[in-house]
Amino acid sequence: MASLYGIMDMATSALEAQQQALEVSGNNIANVNTPGYSRQVAVLQEIPGANPASGIGGGVEVAQVQSVQDSVLELQLNQENQNQSQLTSYLGAAQQAQTQFNDTSGSGLQSVISKFFGAVQQLSTNPSDSPTRQSVLLAAQNLAQGFNSISQSLSGQQSALNNSITDSVSQVNVLTKQIAGLNVQIQQLQGGGQNSGAVVDQRTQAIRQLSSLIGVSVTDAGHGAVSVSTANGAALVIAGEPESLTTQVSPSDGQQHIYDLGQDLTASIQGGSIGGSLQARDQTIPGLLQNLDQLAAGIENAVNSQNKAGTDLNGKPGGNIFTPPPAAVAGAAAQMSVAITDPSLLAASSDGSTGSNGNITAMAALATQGIVNGQTPADAYTNMVSTLGGQISNATSEQTASNLNLQQLQSQRASISGVNMDEEASNLIQFERAYQGAARVAQVVDQMMQVALTIGGPA
């Protein structure tokens, strides 16, 4: 049978345990609005009694303070977070590129193409009229400037994305160092039997931030630490050791590439804002520039060839209206320019006579012929813009679905790891009553001990 001193020890341990449980609930309530906070619970356990044969325990103690987390759910949140960040980054870049092809105001590329062939058609009605010939040259200059402007804007956007990737990689390295340091702290705390919940939450938030930059995979490294790698397995954090990524201009394309220990990861990186930026920089914008160059080269070559087939006002064979595009086509839009300034060099005549309009009529007809990889200029332009629009539409749909999934996962996390004020209020009452009960036991035992001392009985 437990002595009065033994009962007093039980009461004291109960007071301490319930007080600590109260502190845990108080901390939960204090952090109800703290982003990333995981509610904690005080895990109580019975203290073995001094005499196991008696069947009476020795009181209660807090075995550990445990953060409530679902590790699988946290991994799902990381995955959806990196998907969401990639789509957001990609859409921002793609929609910016799309503004270059906004023809609703009547000043876009489609308009200047139409106006150029319209001016050529107008010249066919009066092939020797100087003002009308000058209008054709002006329309040609506007056409070249339209191609130049869009090409330069897209190239500028590509450069901006290139710079942003370098900045993002620097942020990745800051976060991997932070995660490695938190790993060490968690190992030390857990090794010393201390509560590591607050530090684990910090690490979870850091990993979440990292996943918004680059696609990651998280694995258990043992003893409370985790290892983090890119989606293709390149190490970013190995327990307490971070691995820094580097960027370097690649001679193959002149763009910043991302390296890990000398290995080029660029083509394999997916997820996060870096993945979205790379998708726009290395796929969408180059595709637009390629199509733009093909459209410019198709018009230039066809118009130049047709002008060479006729005779100008001086009775001489026509020459190039546009400066010939590069043989490889790449750069045609950026370099497009008008080769002549004298309107009399427009070869409208098909038979050498001044009033002939046969050749200029054939030039106007190029607008409806497959001069751009078998497509008319209008169709080639429309297909280019439609393809971009389709990519944006698909990405928008994926973003909507991803956002819904992310919200559902966040709701699940809130139900598991979030602080429920009603539950905590109930816990406060429960722990308070247990504390009051332990205090009453201690008071009664104290009174009994006083009586025992007064009558000289054993305690």
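Scroll up a little and you will see the structure.
Only a predicted model underlies this, so the values are computations on that prediction, with no experimental measurement involved. (Residues numbered from 1 in each chain as written. Predicted model: local features only at pLDDT ≥ 70, side-chain atom pairs only at ≥ 80, totals over all residues. Heavy atoms only, no water.)

Right, let's talk about the overall build of the chain for a bit. Looking only at helices and strands, one finds 10 helices and 9 strands in the chain. At 38 Å, the chain has a C-alpha radius of gyration far larger than the 23 Å of a compact globule built from 459 residues. Expressed as lengths along the three principal axes of its C-alpha atoms, the size of the chain is roughly 140 × 45 × 30 Å. The contacts of the chain with a sequence gap of at least 6 include a subset with a gap of at least 24, amounting to 68%. Summing over all exposed atoms, the chain offers an accessible surface of approximately 21800 Å²; the carbon and sulfur share of this is 50%. Side chains of the chain carry 12 positive and 31 negative charges; the gap between the two charge centres is 7 Å. (Helix = DSSP H or I, 4+ residues; strand = E, 2+ residues; numbered from the N terminus. Rg over C-alpha atoms; globule rule 2.2 N^0.38 Å. Contact = heavy atoms within 4.5 Å. Areas by Shrake-Rupley, 256 points an atom, 1.4 Å probe, with all protein chains shown as cover. Lys, Arg positive; Asp, Glu negative; His and termini not counted. Charge placed at Lys NZ, Arg CZ, Asp CG, Glu CD.)

Examined against the element boundaries, leucine 73 turns out to sit in helix α2 (residues 71-98). According to the relative accessible area criterion, leucine 73 is buried, its value standing at 4%. Taking the C-alpha atoms as reference points, leucine 73 and valine 372, 299 residues apart in sequence, are found 52 Å from one another. Setting aside its immediate chain neighbours within four residues, leucine 73 contacts Leu409, Gln412, Arg413 and Ile416. (Buried < 20%, exposed > 50% of the residue type's maximum accessible area, 1.4 Å probe, protein only.)

Here the focus is the sheet that holds strand β4 (residues 225-230). With respect to topology, 4 strands assemble into an open sheet ordered β3-β4-β5-β6, the strand pairing being antiparallel. Of all the strands in the sheet, just β3 (216-222) and β6 (241-242) have a single pairing partner and so form its edges. The pairing of β3 with β4 spans 6 bridges and is classified as antiparallel. Note on β4: the bridge partner recorded for valine 216 is threonine 230. With respect to the sheet, helix α4 (residues 130-191) is in contact with β3, β4, β5 (235-238) and β6, its orientation differing from that of β5 by roughly 20°. Helix α5 (residues 197-213) contacts β3, β4 and β5 of the sheet and is inclined by roughly 0° relative to β4. (Pairing = 2+ DSSP bridges. Axes fitted to C-alpha atoms, helices over the stretch in contact; angles between N-to-C directions.)

Bringing the sheet that holds strand β9 (residues 263-264) into the picture now. Pairing is antiparallel across the open sheet formed by 3 strands, whose spatial order is β7-β8-β9. In the strand order of this sheet, the two ends are held by β7 (246-249) and β9, each with one partner. Taken strand by strand, α4 contacts β7 and β8 (256-260), and its axis lies near 25° from that of β8.

Now for the environment of isoleucine 299. Within the fold, isoleucine 299 resides in helix α6 (residues 272-308). Along the backbone, isoleucine 299 and tyrosine 435 are 136 residues apart, and their C-alpha atoms lie at a distance of 88 Å.

According to the stated counting rule, one finds 4 salt bridges in the structure shown. As a salt-bridge pair, glutamate 74 and arginine 208 come within 2.5 Å of each other at their nearest N and O atoms. Of this pair, glutamate 74 sits in helix α2 while arginine 208 sits in helix α5, and the two are 134 residues apart along the sequence. By relative accessible area, arginine 208 is classed as buried at 14%. A salt bridge links arginine 413 to glutamate 74, with the shortest nitrogen-to-oxygen separation between them at 2.8 Å. With arginine 413 in helix α9 (residues 377-417) and glutamate 74 in helix α2, the pair connects residues that are 339 residues apart, well separated along the chain. For the residue pair arginine 413 and glutamate 74, the accessibility class agrees, reading buried in each case. The structure contains a network of salt bridges with shared partners spanning Glu74, Arg208 and Arg413. (Salt bridge = Lys/Arg side-chain N within 4 Å of Asp/Glu carboxyl O.)

Bringing the environment of methionine 10 into the picture now. Along the chain, methionine 10 falls in helix α1 (residues 4-30). Relative accessible area serves as the criterion here: at 23%, methionine 10 is assigned to the partly exposed category. In the structure, methionine 10 is positioned 383 residues away from serine 393 in sequence and 67 Å away in space, judged by C-alpha atoms.

The next thing to look at is the layout of surface pockets. When its volume is computed, the largest pocket comes out at roughly 740 Å³. In terms of lining, the largest pocket is formed by 31 residues, of which the most central are Gln69, Gln190, Val200, Arg203 and Gly224. When residues of the lining of the largest pocket are traced back to their parent elements, those giving at least two are β2 (60-67), α2, α4, α5, β3 and β4. Residue composition of the lining of the largest pocket, grouped by class: 10 nonpolar, 16 polar and 5 charged. (1 Å grid on protein atoms, 1.4 Å probe; cavity = no way out; pocket = protein on both sides within 12 Å on 5 of 7 lines; lining within 4 Å. Points joined across faces, edges and corners; volume = space filled by probe spheres on them. Nonpolar A, V, L, I, M, F, W, Y, C, P; charged D, E, K, R; others polar.)

A few words on unusual backbone geometry. At leucine 261, a residue that is not glycine, the phi angle is positive and equals roughly 55°. Within the secondary structure layout, leucine 261 lies in the loop between β8 and β9. Since its relative accessible area comes to 72%, leucine 261 is described here as exposed.

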